[in-house]
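Residue-level structural notes
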Amino acid sequence: MASTKEYLDFVIEQLSWLDEISSRAMMGEYIIYYHDKIVGGIYDDRFLVKPTKSAKAMMPNADLELPYDGAKEMLLVD
């Protein structure tokens, strides 16, 4: 199932306080960039971020989910 543009707009709106947030459509989903670096993506209308040390520290109770079959687990932003 592809993600909707409406969900992308919602996530970008929530992150609008950050400088240099951008997104790029890719195969029906969206990749999220911060300062031109990939930080996560929107997959099946779920916002997932890379499980970096700082992301895990800020979201210690976040569930790990697969964005798609064969991918590495990412943190689900609730």
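Residues numbered from 1 in each chain as written. Predicted model: local features only at pLDDT ≥ 70, side-chain atom pairs only at ≥ 80, totals over all residues. Heavy atoms only, no water.

Points about the pattern of salt bridges
Taken as a whole and judged by the stated rule, the model has 2 salt bridges. Between Lys5 and Asp9 there is a salt bridge whose closest N-O contact spans 2.8 Å. Pair noted here: Lys5 and Asp9 are both in helix α1 (residues 5–14), with a separation of 4 residues, about one helical turn. Residue Lys5 is classed as partly exposed on the basis of its relative accessible area of 45%. Arg46 is the salt-bridge partner of Glu65, the closest N and O atoms lying 2.5 Å from each other. Taken together, the positions of Glu65 in strand β5 (residues 64–65) and Arg46 in strand β4 (residues 46–49) put the pair 19 residues apart, joining distant regions of the chain. (Salt bridge = Lys/Arg side-chain N within 4 Å of Asp/Glu carboxyl O. Helix = DSSP H or I, 4+ residues; strand = E, 2+ residues; numbered from the N terminus. Buried < 20%, exposed > 50% of the residue type's maximum accessible area, 1.4 Å probe, protein only.)

Some thoughts on the pairing of strand β3 (residues 37–43)
Inspection of the sheet shows strand β2 (residues 29–34) paired to β3 by 5 bridges, in the antiparallel sense. Pairing of Ile32 across the sheet is with Gly40, part of β3. Hairpin connection of β2 to β3: 2 residues between the antiparallel strands, including His35 at a positive phi of 55°. Across 4 bridges, the pairing between β3 and β4 is antiparallel. Across the sheet, residue Ile42 finds its bridge partner in β4, namely Phe47. Between β3 and β4, which follow one another and run antiparallel, lie 2 residues, and Asp44 among them has a positive phi close to 50°. (Pairing = 2+ DSSP bridges.)

As for the packing of aromatic side chains
Tallying each qualifying case throughout the model produces 2 aromatic pairs. Centre to centre, the rings of Tyr7 and Phe10 are 6.1 Å apart; their planes meet at 35°, and the pair counts as tilted. A residue pair is termed a helical-turn pair when its members lie 3 or 4 positions apart in one helix, as Tyr7 and Phe10 do in helix α1 at 3 residues. We classify Phe10 as partly exposed; its relative accessible area is 47%. Where Tyr43 meets Tyr68, the ring centres are 6.1 Å apart and the plane angle is 50°; that geometry is what we call tilted. Of the two residues, Tyr43 is situated in strand β3 and Tyr68 in the loop between β5 and β6 (74–76); the sequence distance between them amounts to 25 residues. (Phe/Tyr/Trp six-rings, centres within 6.5 Å; stacked < 30°, edge-to-face > 60°.)

Topic: unusual backbone geometry
Of note, His35 is a non-glycine position whose phi angle comes to about 55°, a positive value. For His35, the position within the fold is in the loop between β2 and β3. A residue is classified by how much of its surface remains accessible, and His35, at 36% relative accessible area, is partly exposed. Here the phi dihedral of Asp36 falls at roughly 65°; this positive angle occurs in a residue that is not glycine. If you trace the backbone, Asp36 turns up in the loop between β2 and β3.

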